[in-house]
Amino acid sequence: MQTRRYLVLSDIHSNFAALWAVIRASFRSFRPHVVVVVGDIVGYGPDPRLVVRTLRRSVELLGATLVAVDGNHDREARDKEAPRKMHADAADCLDRNRQAMTSSDVAFLRGLPEWVQVGPFTVAHDPAGDHGYVLHPEDALETLHAIRTPHAIRSEEHTSELQSPMYLVCRLLLEKK
């Protein structure tokens, strides 16, 4: 049985230059079978169309499968109304991203699931479904209860408190599931 190789990306935020550098280096060195994107494909950067097109087309052309979930920036960018849960700079960037995207780009973002299972992993930007940040170890525990696979890949952990012993216990519990 061949080992599956995964490339995990998160929080690309419309930064095409960084995305392309990582994809080029990864496909030259270890040729992943699956590219997993853990949300926030668009956002702060200037190139939402290039990022979406690269993920939709180039990954497959390079021989890998794309698995992506939506993030809070993706949800806000694909909707016409002004961003609701973003600070002013993020909202301005998302407005520019929204204007730059085609209807096909928006349709791609709309088609992204909130979470997906790929192999032994549950992949979600914010798996508790509250579309918010994990700010405390207790929030991480809530996330763990939503996961039904041996491992999880997620984003939205925005505090150094999550490096506390309590959080490390949460991680160990997840690994033993």
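The structure reproduced in this document is the subject of the present report.

Parameters and conventions
- Residues numbered from 1 in each chain as written.
- Predicted model: local features only at pLDDT ≥ 70, side-chain atom pairs only at ≥ 80, totals over all residues.
- Heavy atoms only, no water.
- Salt bridge = Lys/Arg side-chain N within 4 Å of Asp/Glu carboxyl O.
- Buried < 20%, exposed > 50% of the residue type's maximum accessible area, 1.4 Å probe, protein only.
- Helix = DSSP H or I, 4+ residues; strand = E, 2+ residues; numbered from the N terminus.
- Polar contact = N/O pair within 3.5 Å; in protein donor to acceptor, adjacent residues only side chain to side chain.
- Contact = heavy atoms within 4.5 Å.
- Pairing = 2+ DSSP bridges.
- Axes fitted to C-alpha atoms, helices over the stretch in contact; angles between N-to-C directions.
- Phe/Tyr/Trp six-rings, centres within 6.5 Å; stacked < 30°, edge-to-face > 60°.
- Parallel < 35°, antiparallel > 145°, perpendicular 65-115°, else oblique.
- Left-handed = near helix turned anticlockwise from the far one by under 90°.

**What to know about the pattern of salt bridges**
Proximity of charged atoms lets side chains of opposite charge pair with each other.
Next, step 1: Considering all chains together, one arrives at four salt bridges under this definition.
Next, step 2: Here Asp70 ties to Arg75 by a salt bridge, and the two come within 3.1 Å at their closest N and O atoms. The exposure classification of Asp70 matches that of Arg75, with both residues buried.
Next, step 3: Each of Asp70, Arg75 and Arg78 takes part in salt bridges that share partners, so that together they form one network.

**Looking at the side chain of Ser14**
Next, step 1: With respect to the element layout, Ser14 can be found in the loop between strand E1 (6-9) and helix H1 (16-29).
Next, step 2: Of note is the side chain of Ser14, whose polar atom sits 3.1 Å from the backbone nitrogen of Gly43.
Next, step 3: Leaving out residues up to four positions away in the same chain, Ser14 has contacts with Ile41, Val42, Gly43, Gly45, Pro46, Asp47, Pro48, Val51 and Asn97.

**Considering the sheet that holds strand E3 (residues 65-69)**
Adjacent strands of a sheet form backbone hydrogen bonds with each other and so pair up, either parallel or antiparallel.
Next, step 1: Strand order in this open sheet of three strands is E1-E2-E3, and the pairing throughout is parallel. Either end of the sheet is taken by a strand with one partner, and the two such strands are E1 and E3. The sheet shows a mean angle of 15° between the axes of neighbouring strands, direction not considered.
Next, step 2: Sheet contacts for helix H2 (residues 48-61): strand E2 (34-38) and E3; angle to E3, the most-contacted strand, approximately 150°.

**Observations concerning the packing of aromatic side chains**
Next, step 1: One pass over the structure, following the stated rule, counts two aromatic pairs.
Next, step 2: With 5.3 Å between their ring centres and 75° between their planes, Tyr6 and Phe121 make a pair best called edge-to-face. Placement of Tyr6 in strand E1 and of Phe121 in strand E5 (residues 121-124) is noted, with a sequence separation of 115 residues between them.

**Some points on the packing of H1 against H2**
Next, step 1: The contact between H1 and H2 brings their axes to 9 Å, and the two run at 20°. Of the possible angle classes, the one that applies to H1 and H2 is roughly parallel. When you trace H1 past H2, the crossing you get is right-handed. Between H1, through Phe16, Leu19, Trp20 and Ile23, and H2, the contact on the second element is made entirely by Leu50, Val51, Thr54, Leu55, Ser58 and Val59.

**With respect to the sheet that holds strand E4 (residues 115-118)**
Next, step 1: Reading across from one edge, E4-E5-E6 is the order of the three strands in this open sheet, with mixed pairing throughout. The open sheet terminates on both sides in strands that have one partner only, identified here as E4 and strand E6 (151-154). Each strand of the sheet is rotated relative to its neighbour by a mean of 20°, with strand direction disregarded.
Next, step 2: Bridge count between E4 and E5: four bridges; the pairing is antiparallel. Paired with Gln117 across the strands is Thr122, a residue of E5.

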